[in-house]
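Working through the structure, step by step
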Amino acid sequence: MLAWIIAAHSALAQERQLLDRIVAIVDTGVVLQSEVDGRLAEIITNARRNNQPEPDLEAIYEDVLEALVLENLQLQIAERINIRFDDDTINRVLGSMAEGGNMSFEQYVTTLEQAGVYLQTREQVRRQMTLQELQRGLVNQRIRITDQEIENFINSDMGQELMQADYLLDHMLVPFAADEDEAARQRKIRFAGDLVARLEDGADFAALRAEAMAGGGIPVTATDFGWRQLDQIPALFTAAVEGMAVGDIEGPFEAANGLHIIQLREQRGGTSQFVAQTHLRHIMLSPNEIRDDEQSLEEIRRLRQRILDGEDFAVIARQNSDDAASVVAGGDLDWINEGGTPLSWEPVIAALEIGELSEPVRTETGWHLIEVLGRRVTDLSQEFVRAEAENMLRNRKFDLEMQNWLIEIREEAFVEYVE
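In this text, all values refer to a predicted model and were calculated from it rather than measured experimentally. (Residues numbered from 1 in each chain as written. Predicted model: local features only at pLDDT ≥ 70, side-chain atom pairs only at ≥ 80, totals over all residues. Heavy atoms only, no water.)

Digging into the packing of helix α3 (residues 57-80) against helix α6 (residues 118-142)
Running from N to C, α3 and α6 point in directions that differ by 75 degrees, and their axes come no closer than 10 Å. Here α3 lies roughly perpendicular to α6, going by the angle between them. Between α3, through Leu 68, Glu 71, Gln 74, Leu 75, Ile 77 and Ala 78, and α6, the contact on the second element is made entirely by Arg 127, Thr 130, Leu 131, Leu 134, Gln 135 and Leu 138. Taken together, the residues that form the contact of α3 with α6 break down as 7 nonpolar, 3 polar and 2 charged. (Axes fitted to C-alpha atoms, helices over the stretch in contact; angles between N-to-C directions. Helix = DSSP H or I, 4+ residues; strand = E, 2+ residues; numbered from the N terminus. Parallel < 35°, antiparallel > 145°, perpendicular 65-115°, else oblique. Contact = heavy atoms within 4.5 Å. Nonpolar A, V, L, I, M, F, W, Y, C, P; charged D, E, K, R; others polar.)

A look at a nonpolar patch on the surface
A contiguous nonpolar patch, built from Ile 22, Val 30 and Val 418 and spanning about 190 Å² of accessible area, is present on the exposed surface. Along the chain, Val 30 falls in strand β2 (residues 29-32). (Patch = residues over 30% accessible without salt bridge, like charges linked within 9 Å, V, L, I, M, F, W, Y side chains within 5 Å. Areas by Shrake-Rupley, 256 points an atom, 1.4 Å probe, with all protein chains shown as cover. Salt bridge = Lys/Arg side-chain N within 4 Å of Asp/Glu carboxyl O.)

Some thoughts on the sheet that holds strand β11 (residues 415-417)
Read across the sheet, 3 strands follow the order β2-β1-β11 without closing on themselves; strand pairing throughout is antiparallel. Whereas interior strands pair on both sides, the edge strands pair on one side only; in this sheet they are β2 and β11. Between one strand axis and the next, the sheet turns through 20 degrees on average, direction left out of account. In terms of strand pairing, strand β1 (residues 22-26) meets β11 through 3 bridges, oriented antiparallel. (Pairing = 2+ DSSP bridges.)

Thoughts on the packing of aromatic side chains
Counting across every chain of the model gives 2 aromatic pairs. Measuring from centroid to centroid gives 6.1 Å for Phe 225 and Phe 237, while their planes differ by 75 degrees, and the two rings are edge-to-face. Placement of the pair is Phe 225 in the loop between α10 (205-213) and β4 (227-229) and Phe 237 in helix α11 (residues 235-242), with a sequence separation of 12 residues. Take Phe 225: its relative accessible area is 14%, and that puts it in the buried class. On the accessibility criterion, Phe 237 (1% relative accessible area) is buried. Aromatic side chains Phe 237 and Phe 253 sit 5.4 Å apart centroid to centroid with 55 degrees between the ring planes, which places their arrangement in the tilted category. With Phe 237 in helix α11 and Phe 253 in strand β5 (residues 249-255), this pair connects stretches of sequence that are 16 residues apart. Directly above the aromatic system of Phe 176 lies the positively charged group of Arg 185, at a separation of 3.9 Å from the ring centroid. When the ring centre of Trp 335 is taken as origin, the NZ or CZ atom of Arg 376, which lies over that ring, is 4.0 Å away. (Phe/Tyr/Trp six-rings, centres within 6.5 Å; stacked < 30°, edge-to-face > 60°. Buried < 20%, exposed > 50% of the residue type's maximum accessible area, 1.4 Å probe, protein only. Lys NZ or Arg CZ within 6 Å of the ring centre and 35° of its normal.)

Some remarks on the pairing of β1
Alignment of β1 against β2, held across 4 bridges, turns out to be antiparallel. By the bridge assignment, Ile 25 is partnered in β2 with Val 30. Between β1 and β2, which pair antiparallel and follow one another directly, the connecting turn spans 2 residues, one of which, Asp 27, has a positive phi of 50 degrees.

Here's what the structure looks like:
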């Protein structure tokens, strides 16, 4: 990744020995010759990096220019609807790119600076993120998925296959020897039983397996099954795995080759979706022109004391909360799925008893008082299946709808090529 960025920009720097010029006027923007040259340089660099033949630049010039015209149009739309990414967000992306290159963030930045492409790389990342956000937002608005489409997909063979859960199993085997006597077999059965008992008492599966494999007494082996759907798991375990929750231990299963022990390490997908939910209400005070952050904190402390002294939470919320979405409901946020609240709320909510009022909690929107009204675990299986089906149908329609959208904005734009 880093090598082709540096090479592409080095080629661009050589081209800039000539004066830059406008090659296309696009509504209120322009495409520069240097942008076209830079994109062509990237194409050449990518071809070399992938050991592919270099394309004829004259043959692809018009396609590259047209792609830049479309990007320019999209960036103008993004600017109008205020899609922007701050420096912290760009830094997080660069940090991920650094990790991909086995570098620290500082090392990656230094390498880019030494190559003279740091600012260009930041701008390139910002540009790509802006385009992706714009396309995701505007194109998805154009896609309509009907209830009948969802039902048809769920009931299709493809839908049934895609909706199956994937399981990741930890496994160990106490093998039987072909010539062992009954006494040796019973020792192994007791040994396997002891392993299961230790696991059920909380022992870490991987650590216990490593200990048993290195023990030097009764032999232990293991199989890495990787992620598998239920019909790909050995038939010996299928019935057990179907009813297991993550972390559950099952076994020993006796087979011709020995005694098997499994643990369900992870599960993804599938139709079983039990979600922890919390019923919350809150009061929010945001700093403003007449009340700074410290004064907001002092005021919310006074409100908290009034509630503790017996005043009605809902009445105080309606009279004082700055959260327009919940103020009419007296601060009631209804049932919220686990992970659906601001990060700073999560440890507070976890520590609260039902009916208990929190201390003031700070978020980027202001100061909050939080009260837990109830807790439950809800089966959202049907909702989850329908949401997954809708996402899959949306993804199948996205590319076609995006092409239609690009054609429309191109036809509506003023574009003049400068000879």
